[in-house]
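# Working through the structure, step by step
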Amino acid sequence: MAQANWNQKIIEEFRANEGRVGGPFEGAPMVLLTTTGAKTGRSHTTPLMYLPEGDRVVVFGSKGGAPEHPQWFNNLVANPKVKIEVGTETHEATARVAEGEERERLYREQARRYPQFAEYQQKTSRQIPVVILEKAG
């Protein structure tokens, strides 16, 4: 439950400051990703760092290098229709898991910009998923 409280504080700060947050994420591009629970059908919002790529938002299921995927990833695989908040804008989006060279290129770029992402991959035997969020309409 501590994680939920921590995320909730980031979400509130994000919404109060036009998408900007401080602390460990100060200056990093942040998105709020709202997924539909795979089992519950309820909405869940998660703050994530992202990689901007044109009109697309790219997020990474690192979970700090944990051995399992984050719950938000399992949710969007079950239901790829999501909502994203970037800055003061909210968009419906469709999630797609990147594969092969596209996944490698995007993860490499995120790890170049934020070296902790290279550390997360080294900590786990699973391949950290890379998800492309395409804005609808």
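This text goes with the structure placed above it.
For clarity, every value in this text was computed on a predicted model and none was experimentally measured.

Read from one edge of the open sheet, 7 strands run S2-S1-S5-S6-S7-S4-S3, paired in antiparallel fashion. Of all the strands in the sheet, the pair left with one neighbour each is strand S2 (43-49) and strand S3 (51-53). Put simply, the sheet's adjacent strands are angled 35 degrees from each other on average, direction ignored. Taken together, the 5 bridges between strand S6 (residues 89-97) and strand S7 (residues 130-135) define a ladder with antiparallel strand orientation. Looking across to S7, one finds that Arg96 is bridged to Ile132.

So, on to the pattern of salt bridges. Tallied over the full model, the rule gives 12 salt bridges. Glu102 serves as the salt-bridge partner of Arg56, at 3.6 Å between the closest nitrogen and oxygen. Taken together, the positions of Arg56 in strand S4 (residues 56-60) and Glu102 in helix H3 (residues 100-113) put the pair 46 residues apart, joining distant regions of the chain. Its relative accessible area of 21% is what places Glu102 among the partly exposed residues. A salt bridge links Arg112 to Glu109; its shortest N-O distance comes to 2.6 Å. Note that Arg112 and Glu109 are positioned in helix H3 at a spacing of 3 residues, about one turn of the helix. A relative accessible area of 57% places Arg112 in the exposed class. One continuous salt-bridge network, built from bridges that share partners, spans Glu53, Arg56, Arg96, Glu102, Arg105 and Glu134.

The next thing to look at is the nonpolar core. Membership of the largest hydrophobic core comes to 20 residues, with the highest contact counts inside it found for Met30, Val58, Phe60, Leu106 and Val130. Secondary structure elements with two or more residues in this core: helix H1 (2-16), strand S1 (30-36), S4, H3 and S7. Core analysis: the second largest hydrophobic core is formed by 15 residues, Leu48, Val57, Trp72 and Leu76 among them.

The end-to-end C-alpha distance of H3 is 20 Å, a good match for the 20 Å that 14 residues give at a rise of 1.5 Å each. Among the residues making up H3, those that are buried are Arg103, Leu106, Tyr107, Gln110 and Ala111. Buried residues of H3, viewed axially, fall in a sector of 135 degrees; they line one side. Facing away from the buried side of H3, by more than 90 degrees, are the exposed residues Glu101, Arg108 and Arg112. Contact partners of the buried residues in H3: S2, S3, S4, helix H4 (116-123) and S7.

Criteria and thresholds
Residues numbered from 1 in each chain as written. Predicted model: local features only at pLDDT ≥ 70, side-chain atom pairs only at ≥ 80, totals over all residues. Heavy atoms only, no water. Pairing = 2+ DSSP bridges. Helix = DSSP H or I, 4+ residues; strand = E, 2+ residues; numbered from the N terminus. Axes fitted to C-alpha atoms, helices over the stretch in contact; angles between N-to-C directions. Salt bridge = Lys/Arg side-chain N within 4 Å of Asp/Glu carboxyl O. Buried < 20%, exposed > 50% of the residue type's maximum accessible area, 1.4 Å probe, protein only. Core = buried A, V, L, I, M, F, W, Y, C linked by side-chain atoms within 4.5 Å. Expected span 1.5 Å × (residues − 1). Arc of directions from axis to C-beta. Contact = heavy atoms within 4.5 Å.

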